[in-house]
Structures are given as structure tokens and as C-alpha cells.
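Fold and contact review
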Amino acid sequence: MGIERVGSRIADIQSRMIALQTQQAGRNVQQQPATSASGAEGGTFANALENAVAQTSTANKSYSLNSKGIPTELASYGNGRIPAAALEQVGTTRHKLWAPAAESLNRMIADAKREGVHIGITDSYRPYAEQVDLARRKGLYSQGGLAAKPGTSEHGWGMATDLDLNSKAQTWMRANAEKYGFSENVPREPWHWEFKPKSA
Ligand SMILES: [Zn+2]
């Protein structure tokens with residue numbers, strides 16, 4: 001869930017709280033006692049809050065993964081064939097990742113920014129057709145090039161991102177990225193970071 005949506009859920013909850021408090025105040029003045037009715041409303045509010053929290057917390061969520069560490073949800077779609085609904089935008093960029101990866105990356109970029117570190121992004125989810133195009137332009141790893149065989153790229157799962165990092169940002173990433181689930185996992189590609197979700 002994006003930060004704006006979390007914000008609007010919180011605003012929604014706050015307005016419901018005010019409405020409940022107003023109703024409660026009115027009832028206390030008009031009629032005594034109204035314990036059973038207010039108890040029911042308190043329960044409704046508790047349920048609303050619980051639901052909202054469940055929807056907003058992805059930080060420690062775990063996922064069912066296949067033997068290659070790919071979430072089974074993504075594996076069922078296929079590499080480079082992830083539907084738009086499973087992807088989420090990175091900040092205000094044109095880049096998209098699998099939603100949990102995008103949310104974690106957004107948090108990481110914001111936290112780095114507060115520490116004066118700029119993390120730029122140059123690549124993200126790569127649909128199958130783009131993997132074919134890249135392999136044609138940059139050559140396959142197996143032939144000394146810079147591209148994965150189409151259908152095997154980590155970018156095709158929406159779990160890898162290529163970042164634009166100066167030396168300060170590279171150092172920050174190596175110290176902090178793991179907390180956000182990202183790791184530097186391709187030799188000679190210090191820009192390439194993969195999101196590894198927790199296994200259920
Ligand atoms: Zn990459």
C-alpha cells in the first residue's frame with residue numbers, strides 16, 4: 001500500500017473516532033445508561049482499526065516461496081509476465097516493482113534521504129519483450145555480455161532494481177539495504193540490488 005493510501009486510511013479512522021466520540025458525548029447527556037450500544041460501537045471501531053493495520057503493514061510480511069526463492073504468486077504469472085495489479089510504482093518515477101519490493105524500496109529511499117543520501121533508480125521491472133531487446137543490444141552473460149537470458153532475469157520478477165549510487169550512497173546501501181530486504185547479488189554490478197522476501 002502506498003504512503004498516500006496509508007495516510008487516507010489514517011484520516012478515515014480519525015474521522016470515525018471523532019464521529020464515535022461525538023455520538024458518545026451526546027448519548028451521555030441525553031440518556032443513561034447506554035453501555036450495550038456504546039460497547040457495540042467500540043467493537044466496530046476496534047475492528048476497523050485492526051483491518052486498517054493489517055492492510056498497511058507489509059514490513060514483516062512473509063511469503064510462500066518456490067525452491068528458487070520466487071514468491072509462488074509471481075511464479076504463477078511467469079517471468080516478465082507480471083500483471084500491472086501486482087506491481088507498484090517507485091516514488092514518482094516511471095519505475096515499477098512487485099508491490100512489496102516497491103514499498104520497501106520507497107521506505108529505504110526516504111530513510112536514506114533523511115540521512116542526506118540520494119538513491120536514484122535507473123531500472124526496475126522488465127517485461128519479457130524488454131528482456132529480449134536488452135539481450136540483443138547488450139549480449140548475454142553467457143557470451144560475455146550484460147544481459148540475462150530472456151525469461152530468467154531477476155528484473156522479470158519485479159524484484160530487482162538498478163540504482164544510481166554515488167560512493168556515499170553505495171556505502172550507505174552496503175550498510176543498510178539488508179534491513180529493507182535488498183542485497184547486492186551480481187558480481188561486477190554494484191548498481192543491481194535484489195529484493196528477497198521473507199519465507200512463510
Ligand atoms: Zn539489474
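To keep things clear, this report deals only with the structure shown in the data block. By convention here, each chain's residues receive numbers from 1 onward along its written sequence. Given that the model is predicted, a residue must reach a pLDDT of at least 70 before its local features are reported, and side-chain atom pairs must reach 80 or more before they are shown or counted; all residues, however, enter totals for whole chains, interfaces and linings. As a rule here, side-chain values cover all heavy atoms of the structure and leave hydrogens and water aside.

This brings us to the overall build of the protein. For the purposes of this entry, the term helix denotes a DSSP run of H or I that reaches at least four residues, the term strand denotes a run of E that reaches at least two, and both are numbered from the N terminus. Counting its regular elements, the protein contains 6 helices and 8 strands. The order of helices and strands in the protein, counted from the N terminus, is α-α-β-α-β-β-α-β-α-β-α-β-β-β. Partly exposed residues are those whose accessible area sits between 20% and 50% of the maximum for their type, while under 20% is buried and over 50% is exposed, using a 1.4 Å probe and protein chains only. Relative to its 200 residues, the protein shows a buried fraction of 36%. By the convention used here, residues are in contact when the closest approach between their heavy atoms is within 4.5 Å. Within the protein, contacts between residues at least 6 apart in sequence are counted, and of these 61% link residues at least 24 apart. Summing over all exposed atoms, the protein offers an accessible surface of approximately 11,800 Å²; the carbon and sulfur share of this is 54%. All accessible areas in this document rest on Shrake-Rupley with a 1.4 Å probe, and a residue is counted as covered only by the protein chains that are shown.

Within this document, salt bridges are pairs made up of a side-chain nitrogen of Lys or Arg and a carboxyl oxygen of Asp or Glu, the two lying within 4 Å of each other. The final tally for this structure, using the stated rule, is 7 salt bridges. Between Asp162 and Arg126 there is a salt bridge, with the nearest N and O atoms lying 3.5 Å from each other. One end of the pair, Asp162, is in strand E5 (residues 160–164); the other, Arg126, is in the loop between strand E4 (120–123) and helix H5 (128–138), with 36 residues separating them in the sequence. With relative accessibility at 8%, the residue Asp162 sits in the buried group. Overall, the relative accessible area of 8% leaves Arg126 in the buried class. Residues Glu184 and Arg174 are paired through a salt bridge, measuring 2.8 Å at the closest nitrogen-oxygen approach.

Read across the open sheet, the 4 strands follow the order E4-E5-E7-E6; overall the sheet is antiparallel. If you trace the sheet from one side to the other, it starts and ends with E4 and strand E6 (182–184), each paired once. Mean inter-strand twist for the sheet, computed between neighbouring axes without regard to direction, equals 45°. Both E6 and strand E7 (residues 192–195) contribute to a ladder of 3 bridges, which runs antiparallel. Bridge pairing links Phe182 to Phe195 in E7. Helix H4 (residues 99–114) rests against E4, E5, E6 and E7 of the sheet, and its axis sits at about 80° to E6. A pair of strands counts as paired when DSSP detects no fewer than two bridges linking them. The convention used is that axes are lines fitted to C-alpha atoms, helices contributing only their stretch in contact, and that angles between N-to-C directions extend from 0 to 180 degrees.

Bringing the coordination of the zinc ion into the picture now. Coordination sphere of the zinc ion, protein contribution only: His155 (NE2), Asp162 (OD) and His192 (ND1), at 2.0 to 2.1 Å. Coordination here is defined by N, O and S atoms within 2.8 Å of the metal (3.2 Å for Na, K and Ca), and since water is not considered, a site can look incomplete. Spacing between the donor residues of the zinc ion along the chain follows H-x6-D-x29-H. You can see Asp162 sitting in strand E5 and its partner His192 sitting in strand E7, a full 30 residues away along the chain. Each member of the pair Asp162 and His192 is classed as buried.

Moving on: the nonpolar core. Across soluble globular proteins, nonpolar side chains have a tendency to be buried as a group. By nonpolar core we mean a set of buried residues, namely Ala, Val, Leu, Ile, Met, Phe, Trp, Tyr and Cys, connected to one another through side-chain atoms within 4.5 Å. Counting 30 residues, the largest nonpolar core has Leu105, Met108, Ile119, Leu163, Trp172, Met173 and Phe182 as the members making the most contacts within it. Elements with a minimum of two residues in this core: strand E3 (96–98), H4, helix H6 (167–176) and E7. The greatest single-element share of this core, amounting to 5 residues, is contributed by H4. Ignoring anything within four residues of it in the chain, the contact list for Met108 reads Ile119, Trp172, Met173, Ala177, Tyr180 and Phe182.

All right, on to the layout of surface pockets then. Gaps between atoms show up when a probe of the same size as a water molecule is rolled over them. Reported here for the second largest pocket is a volume of approximately 280 Å³. Lining of the second largest pocket is provided by 17 residues; of these, Arg126, Tyr141, Leu146, His155 and Glu189 occupy positions nearest its centre. Residue classes follow a fixed rule: Ala, Val, Leu, Ile, Met, Phe, Trp, Tyr, Cys and Pro count as nonpolar, while Asp, Glu, Lys and Arg count as charged, and any other residue, Gly among them, counts as polar. Of the residues that constitute the lining of the second largest pocket, the class distribution is 7 nonpolar, 4 polar and 6 charged. In this analysis, the protein atoms alone were mapped onto a 1 Å grid. Cavities are point sets where a 1.4 Å probe fits without being able to get out; pockets are open sets with protein on both sides within 12 Å along at least five of seven lines; lining residues have an atom within 4 Å of a point. Grid points are joined across faces, edges and corners, and a volume is the space filled by probe spheres set on the points.

Moving on, we come to the packing of aromatic side chains. Only Phe, Tyr and Trp rings take part, Trp by its six-membered ring, and two of them pair if their centres are within 6.5 Å. Stacked means planes under 30 degrees apart, edge-to-face means over 60, and tilted covers everything else. In this structure the tally under the stated criterion is 4 aromatic pairs. Arranged with centres 4.9 Å apart and planes meeting at 65°, the rings of Tyr63 and Trp98 form a pair that is edge-to-face. Note that Tyr63 is positioned in strand E1 (residues 62–63) and Trp98 in strand E3, a separation of 35 residues in sequence. Residue Tyr63 shares its accessibility class with Trp98, and that shared class is buried. Joined through ring pairs, the aromatic side chains of Tyr63, Trp98, Phe182 and Phe195 make up one cluster. In this scheme, the term charge over a ring applies when either NZ of a lysine or CZ of an arginine sits within 6 Å of the ring centre and within 35 degrees of the ring normal. In this structure, Arg81 is placed above the aromatic ring of Tyr128, and the distance from its NZ or CZ to the ring centre is 4.7 Å.

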